[in-house]
Amino acid sequence: MEAFDDLDAVDALDLLGKAPDPASAARLTRGQIAAALRNARRRDIETKTDRIQAALRGEHLGRAAVITTAYAATTRSAVAVLSTLNHEIKALQGQVDAHFGRHPDAEIILSQPGLGSLLGPRVLGEFGDDPERYATAKARKNYAATSPITRASGKKKVVAARFVHNDRLVDALNAQAFSALHASPGARAYYDKQRARGLDHGPALRQLANRLVGILHGCLKSRTHYDETTAWAHHAEKAAA
């Protein structure tokens, strides 16, 4: 944990597989460490090799030999599972890369702020590509569960998030909204406006995701690419007013 920031990274898994216990880790050579770093395409290999080797050979609290052996066995097993998963993920990503670009909606989806080669296919897959499935932007937002539920009774009005939803789609849309904060000035201004209203980060991000779903719906219906100026023109006019 001291040697690596990400224990499921390629270089960490490589060295954990070779040395799953403290004693064998301390015996790893500079050549073995450097080879793992090169395989993971790391930079500044010499400096990182020195740091990793120093961390692995430092003093640490020990455990009884039987416990260390047991943990080494479970570590070796976990490394095998994670390595297999990483291999299969790469294979699936290759299939996505090969076929997503051929889809007639691909260019429109990739034009959206925060949607790239990973999130774009996820959003398309979860929404589906039937052009008649969502009659309105509101219908698409409701399916995405980004739009709030409003309950009114007499003088009381409650606005709440939708708790029944497609987790995979919601996660992808929230990730898009977060990425859009850096990719789109309009998205950033919209998010800042929600925060200025007193919303915390989560609800403000959900409001932004809801707006982005509406923009995507409009682009798909009109068969046009995302345009930064027109996408946020209505909200800019309201702010100016």
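Residues numbered from 1 in each chain as written. Predicted model: local features only at pLDDT ≥ 70, side-chain atom pairs only at ≥ 80, totals over all residues. Heavy atoms only, no water.

As named in an unreviewed UniProt entry, the chain is Transposase IS116/IS110/IS902 family protein, taken from Rhodococcus rhodochrous J3.

J.: I keep staring at the overall build of the chain and nothing clicks. Help me out?
T.: Broken down by element type, the chain carries 13 helices and two strands. Against the 2.2 N^0.38 benchmark of 18 Å for 241 residues, the chain shows a C-alpha radius of gyration of 24 Å, more extended than a compact globule. By principal-axis analysis of the C-alpha atoms, the chain measures approximately 70 × 45 × 35 Å. Within the span of the chain, comprising 241 residues, buried residues form 34% of the whole. The long-range share in the chain, meaning contacts at least 24 apart out of those at least 6 apart in sequence, stands at 58%. Carbon and sulfur atoms make up 56% of the accessible area of the chain, which totals about 15000 Å². Taking the average place of the 34 positive charges on the side chains of the chain and the average place of its 26 negative ones, the gap between the two points comes to 7 Å. (Helix = DSSP H or I, 4+ residues; strand = E, 2+ residues; numbered from the N terminus. Rg over C-alpha atoms; globule rule 2.2 N^0.38 Å. Buried < 20%, exposed > 50% of the residue type's maximum accessible area, 1.4 Å probe, protein only. Contact = heavy atoms within 4.5 Å. Areas by Shrake-Rupley, 256 points an atom, 1.4 Å probe, with all protein chains shown as cover. Lys, Arg positive; Asp, Glu negative; His and termini not counted. Charge placed at Lys NZ, Arg CZ, Asp CG, Glu CD.)

J.: Even after reading the chapter, I still don't get the side chain of Asp-21, so can you show me in this structure?
T.: Residue position: Asp-21 is located in the loop between helix H1 (10-18) and helix H2 (22-26). One buried charged residue, Asp-21, remains without a salt bridge, the closest side chain of opposite sign being Arg-76 at 5.2 Å. Of the polar contacts made by the side chain of Asp-21, one reaches the backbone nitrogen of Ala-23; its length is 3.2 Å. A polar side-chain atom of Asp-21 sits 3.0 Å from the main-chain amide nitrogen of Ser-24. Look past the residues within four positions of Asp-21 in its chain and what remains in contact with it is Thr-68 and Ala-72. (Salt bridge = Lys/Arg side-chain N within 4 Å of Asp/Glu carboxyl O. Polar contact = N/O pair within 3.5 Å; in protein donor to acceptor, adjacent residues only side chain to side chain.)

J.: How do you make sense of helix H3 (residues 30-39) when you look at a structure like this?
T.: For an α-helix, 3.6 residues make a turn, and residues three or four places apart therefore share a direction. Within H3, burial applies to Ile-33, Ala-34, Ala-36 and Leu-37. For H3, the buried positions fall inside an angular range of 160 degrees around the axis, keeping them on one side. Along H3, exposed side chains directed more than 90 degrees from the buried face belong to Arg-38 and Asn-39. Tucked into the core, H3 has its buried residues touching H1 and helix H4 (45-56). (Arc of directions from axis to C-beta.)

J.: It is not clear to me how unusual backbone geometry should be interpreted in this structure. Could you clarify?
T.: A negative phi angle is the norm for most residues apart from glycine, just as the trans form is the norm for most peptide bonds. At Arg-41, a position not held by glycine, the phi torsion is positive, near 60 degrees. Relative to the assigned elements, Arg-41 resides in the loop between H3 and H4. One non-glycine residue, Arg-223, lies in the positive phi region at around 60 degrees. Here Arg-223 lies in the loop between helix H11 (201-222) and helix H12 (228-231). For Arg-223, a relative accessible area of 44% puts it in the partly exposed group.

J.: Even after reading the chapter, I still don't get H1, so can you show me in this structure?
T.: Within the sequence span of H1, burial applies to Asp-11, Ala-12, Leu-13 and Leu-15. Those residues of H1 hidden inside the fold are in contact with H3 and helix H5 (65-100).

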